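# Observations on the three-dimensional arrangement
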Amino acid sequence: MALTDARRKALLAYCRIDTLEEGEEALLETLYGAAVSYMEEAGVREPQEGTLRRAQYDLCVNALVLDGYDRRGARTEGGVSDNLALRRMITQLKLTEPPMGEERAP
């Protein structure tokens with residue numbers, strides 16, 4: 001999944017980033033790709049645009065990107081694994097994943 005301009009703007013707003021510093025555009029794309037890959041490897045495919053499931057998916061990806069962005073070069077306590085709401089949402093998406101080739105109605 002490519003980081004479209006609209007998705008990039010929504011992601012920057014979620015992360016409360018007004019301007020990216022030099023080199024951070026590539027970092028944002030890397031973090032986004034890693035988050036999408038994480039979801040896929042967790043058993044959650046990218047849902048169809050415009051569905052409620054897609055809203056949940058995007059929220060999970062945003063949280064994963066923000067966590068990676070905030071934790072650059074520093075080791076702090078807590079994190080995504082401690083975010084119970086995020087963990088529950090990812091689990092729900094995994095458990096309700098439609099069969100391959102099928103998508104739930106919006």
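Calculation criteria
- Residues numbered from 1 in each chain as written.
- Predicted model: local features only at pLDDT ≥ 70, side-chain atom pairs only at ≥ 80, totals over all residues.
- Heavy atoms only, no water.
- Helix = DSSP H or I, 4+ residues; strand = E, 2+ residues; numbered from the N terminus.
- Buried < 20%, exposed > 50% of the residue type's maximum accessible area, 1.4 Å probe, protein only.
- Contact = heavy atoms within 4.5 Å.
- Areas by Shrake-Rupley, 256 points an atom, 1.4 Å probe, with all protein chains shown as cover.
- Core = buried A, V, L, I, M, F, W, Y, C linked by side-chain atoms within 4.5 Å.
- Salt bridge = Lys/Arg side-chain N within 4 Å of Asp/Glu carboxyl O.

### A look at the overall build of the chain
If you tally the helices and strands in the chain, you get four helices and zero strands. Counting across all 106 residues of the chain, residues that qualify as buried make up 32%. Contacts spanning at least 24 positions in sequence make up 67% of the contacts within the chain whose residues lie at least 6 apart. Accessible surface computed for the chain: about 6,900 Å², of which carbon and sulfur atoms make up 51%.

### Things to note about unusual backbone geometry
In the Ramachandran plot, R16 falls in the positive-phi region, its phi being about 55° despite a non-glycine side chain. By the element assignment, R16 lies in the loop between α1 (5–15) and α2 (24–41). The exposure class of R16 is exposed, given its relative accessible area of 77%.

### Some points on the nonpolar core
Counting residues in each nonpolar core, the largest one holds 22 residues, and the members touching the most others are M39, Y57, C60, V61 and V65. Looking at this core, the elements that each hand over two or more residues are α1, α2, α3 (52–70) and α4 (84–95).

### Focus: the pattern of salt bridges
Counted according to the given criterion, the structure contains eight salt bridges. Salt-bridge contacts for D58 lead to R54; the nearest nitrogen and oxygen are separated by 3.0 Å. You can see D58 and its partner R54 sitting in helix α3, four residues apart, about one turn around the helix. Here D58 and R54 have matching classes, each one buried. A cluster of three or more residues bridged by salt bridges with shared partners is formed by R7, E46, E49, R54 and D58.

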